[in-house]
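These are the residues of each chain, in order.
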Amino acid sequence: MQVQITYVYHSCFCMKLGERTLVFDYPGHAHRNAEAEAVVAKALENARAYVFFSHSHHDHCSLEIIALASKAASARYILSYDVPDMVPELDLEGAVVVEPDQEYFVDDLKITCLDSNDLGVAFMIETPDVRVYYGGDLAEWTWPGLDEKSKALVEQYFGECLDQVKAFNPDIAFSNADKRLPNWGGAARFLEHVRPRFFVPMHAFGDTASIAGFARTLHVPDTKMFVYEKTGDQAVFLV
């Protein structure tokens, strides 16, 4: 199967899987650029759409997706448990509200959720042809100044999650590579442990130069990385 991934902004991406178009974490207007709306509108037009929100933080969630998805041939919403309370407009008829450590079936998508250590969930999505991991804000958040006990707990929990993702064996994985943390939010650890066929770094707040900088720091054999530069950039993978 040919998989096309389009970078929108920050942690928002569109993914075309055969007849399906998945959109992840379309952000509020303060957390996207002027080009983002048109890119998502084009991806959704006449599409069989699945709109995912990993959590309700404004840099990951916006009700403005509703107008864009209205142009799709069909649209299903998959919402983390916190989204209906914080953005009730997104709790549309037919929306699937998901909880950690649960499995859901939406048409031919099998969706398993992990508990994020920030807010909401991470998604493990399986179709008959491809397996996709989308991490949302699940990351190794070892901020500078964090005490040693808390740091150890963060590292332990992230490691436990990596074991689950590795067992899922994703073809494509989206995970945070956040330059604000010396460890890039665990991106290198994720790559070395999970070793997906294709890796998409995210959570750069539009600073795509930082993504290129991260990519230069390591090379994982047999994993290709999507190093995007601007909104609308695309990568095509064969899985």
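Novice: Sorry if this is basic, but what is going on with the nonpolar core here?
Specialist: Grouped burial of nonpolar side chains is what soluble globular proteins tend to show. By size, the foremost hydrophobic cluster in this structure holds 59 residues, and its most contacted members are Ile5, Phe52, Ile65, Phe123, Ile172 and Phe174. When residues no more than four places from it in sequence are discounted, the contact partners of Phe52 are Leu22, Val23, Phe24, Asp25, Ile78, Leu109, Ile111, Phe123 and Ile125.

Novice: How should the sheet that holds strand β9 (residues 121-126) be read in this particular structure?
Specialist: Backbone-to-backbone hydrogen bonds join strands into a sheet, with any given pair of strands oriented parallel or antiparallel. Taken together, 7 strands build an open sheet; the order of strands is β7-β8-β9-β10-β11-β12-β13 and the sheet is mixed. Each edge of the open sheet carries a strand with a single partner, namely β7 (103-106) and β13 (224-225). When strand β8 (residues 109-115) meets β9, the two strands line up antiparallel, connected through 6 bridges. Directly across from Ile111, in β9, lies its bridge partner Ile125. The strands touched by helix α6 (residues 208-215) within the sheet are β12 (198-202) and β13, with β12 carrying the most contacts at an inclination of about 135°.

Novice: Sorry, what's going on with the pairing of strand β1 (residues 2-9) here?
Specialist: Most of β1 sits inside the fold, with 6 of its 8 residues counted as buried. Note: β1 against strand β2 (residues 12-17), 6 bridges, orientation antiparallel. Bridge assignment links Ile5 to a residue of β2, and that residue is Met15. The hairpin formed by β1 and β2 contains 2 residues between the paired strands, and His10 there has a positive phi angle of roughly 60°.

Novice: Would you take a moment to explain unusual backbone geometry for this structure?
Specialist: With a phi angle near 55°, Trp184 is a residue other than glycine that sits in the positive phi range. Summarising the element assignment, Trp184 is placed in the loop between β11 (172-176) and α5 (187-194). The phi angle at Arg195 is positive, at roughly 55°, despite the residue not being glycine. Tracing the chain through its elements places Arg195 in the loop between α5 and β12.

Novice: Explain the packing of aromatic side chains here, please?
Specialist: One pair of aromatic rings is described through two measures. These are the centre distance and the angle between the planes. Within this structure, the stated rule accounts for 15 aromatic pairs. Relative to Tyr228, the ring of Phe13 lies with its centre 5.6 Å away and its plane at 70°, an arrangement referred to as edge-to-face. Placement of the pair is Phe13 in strand β2 and Tyr228 in the loop between β13 and β14 (234-238), with a sequence separation of 215 residues. Each of the two residues, Phe13 as well as Tyr228, counts as buried. Both rings, one in Phe226 and one in Tyr228, keep their centres 5.3 Å apart while their planes meet at 70°; by these two values the pair is edge-to-face. Judged by relative accessible area, which is 6%, Phe226 ranks as buried.

Novice: Explain helix α1 (residues 36-44) here, please?
Specialist: Given 3.6 residues per helical turn, the α-helix brings residues three or four places apart onto the same face. When we look at burial in α1, the residues that qualify are Ala36, Val39, Val40 and Leu44. The buried side chains of α1 occupy one side of the element, clustering within an arc of 125° when seen end-on. For α1, the exposed residues set more than 90 degrees away from the buried face come down to Ala38 and Lys42. Buried-residue contacts for α1 involve β1, β2, β3 (20-24), β4 (48-53) and α2 (65-69). Positive backbone phi, approximately 60°, marks Asn46, located one or two places after α1.

Novice: Is there a simple way to explain helix α4 (residues 148-168) in this structure?
Specialist: Between the first and last C-alpha of α4 there are 30 Å, a value that for 21 residues agrees with the 30 Å anticipated at 1.5 Å per step. Buried within α4 we find Val154, Phe158, Gly159, Cys161, Leu162, Val165 and Phe168. Buried positions along α4 lie against β8, β9, β10 (131-134) and α5. Residue Asp147 occupies the N-cap position of α4, its side-chain oxygen lying 3.2 Å from the main-chain nitrogen of Lys149. At the exit of α4 stands Asn169, carrying a positive phi of roughly 60°.

Calculation rules
Residues numbered from 1 in each chain as written. Predicted model: local features only at pLDDT ≥ 70, side-chain atom pairs only at ≥ 80, totals over all residues. Heavy atoms only, no water. Core = buried A, V, L, I, M, F, W, Y, C linked by side-chain atoms within 4.5 Å. Buried < 20%, exposed > 50% of the residue type's maximum accessible area, 1.4 Å probe, protein only. Contact = heavy atoms within 4.5 Å. Pairing = 2+ DSSP bridges. Helix = DSSP H or I, 4+ residues; strand = E, 2+ residues; numbered from the N terminus. Axes fitted to C-alpha atoms, helices over the stretch in contact; angles between N-to-C directions. Phe/Tyr/Trp six-rings, centres within 6.5 Å; stacked < 30°, edge-to-face > 60°. Arc of directions from axis to C-beta. Expected span 1.5 Å × (residues − 1). Polar contact = N/O pair within 3.5 Å; in protein donor to acceptor, adjacent residues only side chain to side chain.

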